[in-house]
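# Observations on chain architecture
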Amino acid sequence: MKIGMMSFAHMHAYSYADGLKDISGVELVGIFDDDRARGLKATEQYHTKYVANQSDFLKTEMDAVIICSENNRHKEMVLKAAAAKKHILVEKPIATTVEDAKEMIRACEENGVILQVAYPVRFNNPIQQLKQMIDDGELGEIVAFRTTNRGQNPGGWFIDKEQSGGGAVLDHTVHMVDIMRWYSGEEVCEVHGIVDSYFHNIDIDDAGILTLEFDNGITATHDASWSKFNAYPTWGDITIEVIGTKQTVHVDALKEHYRMYIGGTKPLKHVPFGNNMDVDLVKDFVACVEQNKNPSITGYDGLKSLEVALAAYESSEKNKAIRL
Amino acid sequence: MANVIIADPDMLKFDNQIYGQEAVVLSNLHKVKYGENNIYVPSSLLADVQEKENSNIYFELENYPFFEKAREIIGAQNKPKGVFRYRRITKTDKDESLLVEDIAVITALFGDPKSAYAKRTDNHVKPYHVIVTLNFGNGTMAHVEYTLANKNQIELEWNGIEQILEFNSDEMRPLISEDNKTTSLSLKIQAASILNKSYPVDQKLLVNLEKCRKLLKDGVNR
């Protein structure tokens, strides 16, 4: 299978490209990137060819593309890739507006190509283990969720609202809303959010807390921020607690690690040894394309989680809960 | 007058003799002889106190050493900015009184919230879960969560600017037994602390607790 990569603006592009290298029968046939220097560097790193023009790139013989551009460019790239009949794995969030997300989904349907949204947390083994427990009825009915996704300020275009569409709340809400939807099979019907900025003196949000209600009455909290700083032993966290009528289970997705103490400015560091969820996400996408099956994470999944994140901003601005 | 502390003996550290101040610990408020003693009662039993004079109320959270330390660190900042997350799981409670007193303690640390929003699960379904979102303004926001379930546990997190505090009573256990049923030492209180951090049952206290109860019922939107 031949796969191309469109933009390395998002740092996940590197781990996805690493994942492609590990899959037999898959060839990374080329890289398109508006940032020529970044594209050429990636091309050298992954031993493939650089194409400076997007239209020319999409004429390349290949089955699928992985899009890791700035968030506001997802739409343009997805529409063009879909028109060129390429299957698509797009980095999250799917888009910066609900309307764009819907247009992207529609374009992929009309062109008969797969649109998968990159939510690698679904491939984290502890997260999958809890999914299995829920499906097996070990937790009983779900009463509530408690989730966190907090990391460091990525800087660059992430803190430019025009390009990112939002800060930490957009960046770090969609993953866990997707997991809650996946676990419960329910949709969020109400969003209350407080969104603020005070960790980094930047013109975009870097912290938010969300309170959610699902259609069937499940309640949830979510803490999204770029509150971690360099001295913290790891880049951040991904946690979920599911409160069920039979039992409550807490998952720390990054718990599989050594605590490593070393000299220097960062004396404690977490060294992970759990599965690489980015790589497993890419393997799943390749399998979907190969077998021509529906993607495990659809454009609709991307749309629904985006709606929640955007509603948190609206809630904070209007100081009231938003019904979806 | 003798000091009489009403408490679950399992939640007290082993120090009945406290710095020369002798206190008697009773588990049942009904055994107390009013008028002869200074009485120290958890706020959850406030409604059962028959005589307000010489009666004092204490808040569990305020007496835990881990919270005292958090208050010291967070309170050291002039205007603390950050995200405060607090979660209590409790085996027993009456009318959310533990949640009310936790809110009283937390608002004493951060001030009156500009807005508050509470969400509850169906109280006919167990476990019962309550989420309280608090916006204190000036860059401080909080989630307070309360679950009525089959264990006692407290988690506290403060994500401030270049300062992170993390506490989980299930993890901060100096003593680990095979069945894990021993009460975490982190959730035990010194009797001396109760004597020092209690409030007379007066109008000021009653008004404050009523304010917290109303916040949980109606929310706040200023």
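These numbers come from a predicted model, not from an experiment.

The secondary structure content of chain A amounts to 10 helices and 15 strands. On C-alpha atoms alone, chain A measures out to a radius of gyration of 19 Å, which is about the 20 Å that the 2.2 N^0.38 rule sets for 324 residues. Each of the three principal axes of chain A carries a C-alpha extent, and together these read 55 × 55 × 40 Å. Here chain A, with 324 residues, has 61% of them falling under the buried criterion. The long-range fraction of contacts in chain A, counting pairs at least 24 apart against all pairs at least 6 apart in sequence, stands at 70%. Working note: accessible area of chain A is about 12800 Å², and carbon and sulfur atoms make up 46% of it. The averaged location of the 48 negative side-chain charges in chain A is 2 Å from the averaged location of its 33 positive side-chain charges.

Turning our attention to the confidence of the model for chain B. When pLDDT is averaged across chain B, the result is 90; 96% of the residues are at 70 or more. When pLDDT is averaged over each element of chain B, strand S9 (residues 140-148) of chain B comes out on top at 97 and strand S2 (residues 17-18) of chain B at the bottom at 56.

On to the pattern of salt bridges, then. Pairs can form between side chains of opposite charge whenever their charged atoms are close. One pass over the full model with this rule turns up 43 salt bridges over all chains. Note that A:Glu190 is salt-bridged to A:Arg323, the shortest N-O span being 3.1 Å. One end of the pair, A:Glu190, is in strand S8 (residues 188-196); the other, A:Arg323, is in strand S15 (residues 322-323), and 133 residues separate them in sequence. The closest approach of N and O atoms between B:Arg88 and B:Glu60, which form a salt bridge, is 3.1 Å.

Parameters at a glance
Residues numbered from 1 in each chain as written. Chains lettered and ligands numbered in written order. Predicted model: local features only at pLDDT ≥ 70, side-chain atom pairs only at ≥ 80, totals over all residues. Heavy atoms only, no water. Helix = DSSP H or I, 4+ residues; strand = E, 2+ residues; numbered from the N terminus. Rg over C-alpha atoms; globule rule 2.2 N^0.38 Å. Buried < 20%, exposed > 50% of the residue type's maximum accessible area, 1.4 Å probe, protein only. Contact = heavy atoms within 4.5 Å. Areas by Shrake-Rupley, 256 points an atom, 1.4 Å probe, with all protein chains shown as cover. Lys, Arg positive; Asp, Glu negative; His and termini not counted. Charge placed at Lys NZ, Arg CZ, Asp CG, Glu CD. pLDDT = per-residue confidence, 0-100. Salt bridge = Lys/Arg side-chain N within 4 Å of Asp/Glu carboxyl O.

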